[in-house]
Amino acid sequence: QQGAPSDIYDHPSNSFVSRFIGQTNILDIEEVDQDWLTTTGLSLATSDGKFVHVRPHDIEVIKSEAAAAPAAVLKDWQHLGSLIRIELAQVDDKQFTKPIFAEMPNERFKQLQLGRGDKVAVKIRHARWFN
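Everything numeric in this text was worked out from a predicted model, so none of it was measured. Residue indices follow the written sequence of each chain, beginning from 1 at its first position. Totals for whole chains, interfaces and linings use every residue, but because this is a predicted model, local features are given only for residues with pLDDT of at least 70 and side-chain atom pairs only at 80 or more, for both listing and counting. Only hydrogens and water are set aside when side-chain values are computed; all heavy atoms of the structure are taken into account.

Q: Would you take a moment to explain the sheet that holds strand S3 (residues 59-63) for this structure?
A: Strand pairing in a sheet relies on backbone hydrogen bonds, with the paired strands running either antiparallel or parallel. When DSSP locates at least two bridges between a pair of strands, those strands are taken to pair. Put simply, DSSP H or I for four residues or longer makes a helix, DSSP E for two residues or longer makes a strand, and each gets a number counted from the N terminus. The five strands are arranged S3-S7-S4-S5-S6 in an open sheet whose pairing can be described as antiparallel. If you trace the sheet from one side to the other, it starts and ends with S3 and strand S6 (100-105), each paired once. Taken over all neighbouring pairs, the strand axes of this sheet differ in orientation by 40° on average, direction set aside. With axes taken as lines fitted to C-alpha atoms, and helix axes fitted only over the stretch in contact, angles between N-to-C directions fall between 0 and 180 degrees.

Structural data, given as structure tokens:
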């Protein structure tokens, strides 16, 4: 693929380019709980592939209210300077086939006062589909 780095990053032409140009979560829709995917706002009706690629910064994490159904549990986090990288696990002892990572600004992480084991709501803002 040729083009400006930002165009290639934002609009990779295939799965290889998506993985090569930057970090991405790769979800096999046949292995991931379909109910979980719909709670994140990802529409399976518009899918045109078997694999969903989601950049960590395209996953919004919000501390779950007690009455709300959580989409994930914060398993661990890493401080990366101005960013926090969060590792997510599914609730109810279900496990993702691979870890799912989200990123947010350090200040936002502090505002949410998140800790290991906290239940969180997850919103996927943007995803790319590939076969």
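Q: So what exactly am I meant to see when it comes to the pairing of strand S7 (residues 119-124) here?
A: Within a regular strand, side chains alternate between the sheet's two faces. Only protein chains enter the calculation, and the probe is 1.4 Å; a residue is then buried if its accessible area is under 20% of its type maximum, exposed if over 50%, and partly exposed in between. Residues Val 120, Val 122 and Ile 124 point to one face of S7 and are all buried, whereas Lys 119, Ala 121 and Lys 123, pointing to the other face, are not buried. Pairing analysis gives five bridges linking S3 to S7, with the strands arranged antiparallel. Directly across from Lys 63, in S7, lies its bridge partner Val 120. Here strand S4 (residues 72-80) pairs with S7 via two bridges, running antiparallel. When the bridges of S7 are listed, Ala 72 appears paired with Val 120.

Q: Help me understand empty space enclosed by the protein, please; the structure alone is not making it clear to me.
A: Any space left empty among the atoms is revealed by the rolling of a water-sized probe across them. A cavity here means a set of points on a 1 Å grid, drawn over the protein atoms and nothing else, where a 1.4 Å probe fits but cannot get out; a pocket is an open set with protein on both sides within 12 Å along at least five of seven lines, and a residue lines either one if it has an atom within 4 Å of a point. Grid points are joined across faces, edges and corners, and a volume is the space filled by probe spheres set on the points. For the structure on display, the rule yields one cavity of 30 Å³ or more. Within this model, the largest cavity holds a volume of roughly 30 Å³. Considered class by class, the residues forming the lining of the largest cavity number six nonpolar, one polar and no charged. Classification convention: Asp, Glu, Lys, Arg as charged; Ala, Val, Leu, Ile, Met, Phe, Trp, Tyr, Cys, Pro as nonpolar; all other residues, Gly among them, as polar.

Just geometry here; none of it tells us what the structure is for.
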